[in-house]
Amino acid sequence: MSVTGEVGTRADRVRAVTRAHEQRRGALIPVLHAVQHEFGRIAAEDLPVIADVLNLAIAEVHGVVTFYRDFRRAPAGRAIVRICGAEACQAVGATTLAGHARDRLGIGFGETTADGTVTLDEVFCLGNCALGPSVEVAGRVYGRVGPDRFDGLLGDLR
Ligand code: FES
C-alpha cells in the first residue's frame with residue numbers, strides 16, 4: 001500500500017516516504033528502498049528532497065544511489081527478472097543461466113530491453129537455495145530454472 005496515498009507532487013510524496021523512515025538508524029538505505037518501492041526508481045529530482053529531510057549532502061545521497069546496484073535510476077521494464085547469483089545457485093548453474101539470460105535479452109544486469117518489457121537484475125539469494133538456480137519473474141520465485149525454462153518464462157511475459 002502506498003505510504004503517501006498518491007496525493008501531491010512527486011516531491012511531496014518523496015518527502016512523505018522519507019519522513020516515514022527518517023527516525024530509523026542509518027535511515028538513508030531504508031529510505032532509498034522505500035522510495036524505489038513507491039516509484040519504481042530513484043530519480044535525480046528525488047535526491048535533494050531526501051537529502052533535505054535527512055539533513056545530508058546531496059552528493060552523499062547520490063553516492064549511495066550510484067554505489068549500490070539495487071537502486072534503479074532509470075524506469076524499470078514492465079517485468080523485472082532477477083537471477084540469483086549467490087553461492088548455492090552458482091553451484092548449480094546460475095552463472096551459465098545469467099550468461100544465457102544476457103544473450104537472450106541482449107542486455108546486461110541493471111538494464112531494460114528496448115521494448116520496455118523486461119529489466120534484468122542480479123540478486124543475492126531469493127530464499128530458495130535448495131532449488132537453484134533460482135529466478136524471480138515479476139515478483140514470483142521459480143526454482144531449478146535452466147536456460148529452456150528461462151526462455152519459457154520470458155515467453156510468458158511477451
Ligand atoms: S542462493 Fe540462490 S536462492 Fe539462495
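Residues numbered from 1 in each chain as written. Predicted model: local features only at pLDDT ≥ 70, side-chain atom pairs only at ≥ 80, totals over all residues. Heavy atoms only, no water.

Chemist: Whenever I open this one, the overall build of the chain confuses me. Can you help?
Modeler: Assigned secondary structure in the chain consists of 7 helices and 5 strands. When the elements of the chain are put in sequence order from the N terminus, they spell out α-α-α-α-β-α-α-β-β-β-β-α. With the C-alpha coordinates of the chain rotated into their principal frame, the extents come out at 50 × 30 × 30 Å. Expressed as a percentage of its 158 residues, the buried residues of the chain come to 44%. When the accessible surface of the chain is split by element, carbon and sulfur atoms take 50% of a total near 8700 Å². One way to put it: in the chain the 18 positive side-chain charges average out to a point 2 Å from where the 19 negative ones average out. (Helix = DSSP H or I, 4+ residues; strand = E, 2+ residues; numbered from the N terminus. Buried < 20%, exposed > 50% of the residue type's maximum accessible area, 1.4 Å probe, protein only. Areas by Shrake-Rupley, 256 points an atom, 1.4 Å probe, with all protein chains shown as cover. Lys, Arg positive; Asp, Glu negative; His and termini not counted. Charge placed at Lys NZ, Arg CZ, Asp CG, Glu CD.)

Chemist: Can you walk me through the packing of aromatic side chains in this structure?
Modeler: Remark: the centre distance and the inter-plane angle together describe each pair of aromatic rings, the angle taken between the planes. Scanning the model with the defined rule gives 2 aromatic pairs in all. Taken together, a centroid distance of 5.0 Å and an interplanar angle of 90° make the contact between Phe-67 and Tyr-68 edge-to-face. Since its relative accessible area comes to 40%, Tyr-68 is described here as partly exposed. Each ring, one from Tyr-68 and one from Phe-71, has its centre 6.2 Å from the other, and the planes form 85°; the classification is edge-to-face. For Phe-71, a relative accessible area of 6% translates into the label buried. Members of the aromatic cluster, joined through ring pairs, are Phe-67, Tyr-68 and Phe-71. Sitting over the ring of Phe-39, Arg-10 keeps its end group 4.5 Å from the ring centre. (Phe/Tyr/Trp six-rings, centres within 6.5 Å; stacked < 30°, edge-to-face > 60°. Lys NZ or Arg CZ within 6 Å of the ring centre and 35° of its normal.)

Chemist: Just checking my understanding: could you explain unusual backbone geometry for this structure?
Modeler: Most of the time, phi is negative for any residue but glycine, and the peptide bond is trans. In this chain, Gly-132 is followed by Pro-133 through a cis amide linkage whose omega measures -5°. Looking at the element boundaries, Pro-133 is found in the loop between strand S3 (118-123) and strand S4 (135-137). Phi is positive for Asn-55, close to 60°, though the residue is something other than glycine. With phi around 50°, Arg-144 is a residue other than glycine that occupies positive phi space.

Chemist: For this particular structure, what's the right way to read a nonpolar patch on the surface?
Modeler: Nonpolar side chains collect at one region of the surface, where Ile-29, Phe-67 and Tyr-68 lie side by side and expose about 320 Å² of accessible area between them. Summarising the element assignment, Tyr-68 is placed in the loop between helix H4 (58-67) and strand S1 (79-84). (Patch = residues over 30% accessible without salt bridge, like charges linked within 9 Å, V, L, I, M, F, W, Y side chains within 5 Å. Salt bridge = Lys/Arg side-chain N within 4 Å of Asp/Glu carboxyl O.)

Chemist: Sorry if this is basic, but what is going on with the pattern of salt bridges here?
Modeler: Side chains that differ in sign of charge can pair as their charged atoms come close. Scanning all chains against the criterion turns up 6 salt bridges. The salt bridge partner of Asp-46 is Arg-10, with a shortest N-O separation of 2.7 Å. Of this pair, Asp-46 sits in helix H3 (residues 46-54) while Arg-10 sits in helix H1 (residues 10-21); the two residues are 36 residues apart in sequence, bridging distant segments of the chain. Glu-136 is paired through a salt bridge with Arg-82; the nearest N and O atoms lie 2.9 Å apart.

Chemist: What am I meant to see in the nonpolar core here?
Modeler: The tendency in soluble globular proteins is for nonpolar side chains to be buried side by side. Membership of the largest hydrophobic core comes to 19 residues, with the highest contact counts inside it found for Leu-28, Leu-32, Val-35, Ile-42, Ile-50, Val-61 and Val-65. Counting residues per element, the ones that place at least two in this core are H1, helix H2 (28-39), H3 and H4. Top contributing element to this core by residue count: H2, with 6 residues. Val-81, Ile-83, Phe-109 and Val-145 belong to the second largest nonpolar core, which has 17 residues in total. (Core = buried A, V, L, I, M, F, W, Y, C linked by side-chain atoms within 4.5 Å.)

Chemist: So what exactly am I meant to see when it comes to the sheet that holds S4 here?
Modeler: Across a sheet, paired strands are connected by hydrogen bonds in the backbone, their directions being either parallel or antiparallel. One open sheet accounts for 5 strands, arranged S2-S3-S1-S4-S5; its pairing is mixed. The open sheet has two edge strands, strand S2 (111-112) and strand S5 (140-142), and neither has a second partner. Lying on the sheet, helix H7 (residues 147-157) is in contact with S1, S3, S4 and S5; it crosses S1 at an angle near 165°. (Pairing = 2+ DSSP bridges. Contact = heavy atoms within 4.5 Å. Axes fitted to C-alpha atoms, helices over the stretch in contact; angles between N-to-C directions.)

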